[in-house]
Amino acid sequence: ILVDASASMRGLRTVFARGLALALAKKMTLRGETVWLRFFDSRLYERQELSSSKMRIPYLLCFRSERGRNTTRVFQELERELARLMRESPKEVVVTFITHGRCQVDAKVIDTLKGKATLSGVFVTTQDDELQLDWLDRLASKHVIAPDVLGDKNARKGEALKILGGR
């Protein structure tokens, strides 16, 4: 699970993203899956292995990034790590990333990453505009959270439950 920690994700977007990441991690660990969580902004932060007995909740809720935003670089770094992981211990990998609606990544990087993992994106948008990313069709699944949803507690819960239901 990758969680965008850049300045574009401040406020309710941060709360939603981290709450969703925590719920996804909990659901996956209960199914016996290995869960790694990482924050990113202009770089990929240290991997946190989560388990049912070690959810690292204070870390998840209090993490603060200090850099700008460079998602292409982050996804390239992730691709290199997945390539190494596949060489050492091949396994099925699902990458779920939670970010804002203007997540600019080179489509070639997404294609390369898609060859190593199943990709799912959750986009917490900042405007009511249509999501305009040229690589969205390459994702196994995508969910778009509109700004008006963030302001309504019941709508937020409903969207989160839709996402969790698909996992």
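Residues numbered from 1 in each chain as written. Predicted model: local features only at pLDDT ≥ 70, side-chain atom pairs only at ≥ 80, totals over all residues. Heavy atoms only, no water.

### Some remarks on the pairing of strand E4 (residues 94-100)
Then comes step 1: Burial analysis of E4 places 6 of its 7 residues in the buried class, which makes it a mostly covered element.
Then comes step 2: In the sheet, strand E1 (residues 2-4) pairs with E4 via 2 bridges, with the strands oriented parallel. When the bridges of E4 are listed, Leu-2 appears paired with Phe-97.
Then comes step 3: Here 7 bridges tie E4 to strand E5 (residues 118-124), and the two strands are oriented parallel to one another. Along E5, the bridge assignment pairs Val-94 with Thr-118.
Then comes step 4: With respect to chirality, the unit in which E4 leads through helix H4 (residues 107-114) into the neighbouring parallel E5 is right-handed. (Buried < 20%, exposed > 50% of the residue type's maximum accessible area, 1.4 Å probe, protein only. Helix = DSSP H or I, 4+ residues; strand = E, 2+ residues; numbered from the N terminus. Pairing = 2+ DSSP bridges. Right-handed = clockwise from strand over helix to strand, strands pointing away.)

### Topic: helix H1 (residues 12-30)
Then comes step 1: With 19 residues, H1 ought to run about 27 Å at 1.5 Å a step, and its terminal C-alpha atoms sit 27 Å apart, in line with that.
Then comes step 2: Looking at H1, one finds that the buried residues are Thr-14, Phe-16, Ala-17, Arg-18, Leu-20, Ala-21, Leu-24, Ala-25, Met-28 and Thr-29.
Then comes step 3: After H1 finishes, the residue Gly-32 shows a positive phi value of roughly 85°. (Expected span 1.5 Å × (residues − 1).)

### A closer look at the environment of Glu-88
Then comes step 1: Its location among the elements puts Glu-88 in helix H3 (residues 71-88).
Then comes step 2: For the pair Glu-88 and Val-105, spaced 17 residues apart in sequence, the C-alpha to C-alpha distance is 27 Å.

### Comments concerning the packing of H1 against helix H6 (residues 153-165)
Then comes step 1: Look at H1 against H6: their axes get within 11 Å of each other, and the N-to-C directions meet at 35°. By crossing handedness, the relation of H1 to H6 is classed as right-handed. Residues Leu-12, Phe-16, Leu-20, Ala-23, Leu-24 and Lys-27 of H1 form the contact with H6, whose own contacting residues are Arg-156, Ala-160, Ile-163, Leu-164 and Gly-165.
Then comes step 2: Residue composition of the contact of H1 with H6, by class: 8 nonpolar, 1 polar and 2 charged. (Axes fitted to C-alpha atoms, helices over the stretch in contact; angles between N-to-C directions. Left-handed = near helix turned anticlockwise from the far one by under 90°. Contact = heavy atoms within 4.5 Å. Nonpolar A, V, L, I, M, F, W, Y, C, P; charged D, E, K, R; others polar.)

### Quick word on the sheet that holds E4
Then comes step 1: Sheet architecture is open: 6 strands sit in the order E3-E2-E1-E4-E5-E6, paired in mixed fashion. Strands with a single pairing partner mark the edges of an open sheet, and in this sheet they are strand E3 (48-50) and strand E6 (141-145). Averaged over all pairs of adjacent strands, the angle between strand axes in this sheet comes to 20°, irrespective of strand direction.
Then comes step 2: Running over the sheet, H3 touches E1, strand E2 (35-40) and E4 and is turned about 155° from E2.

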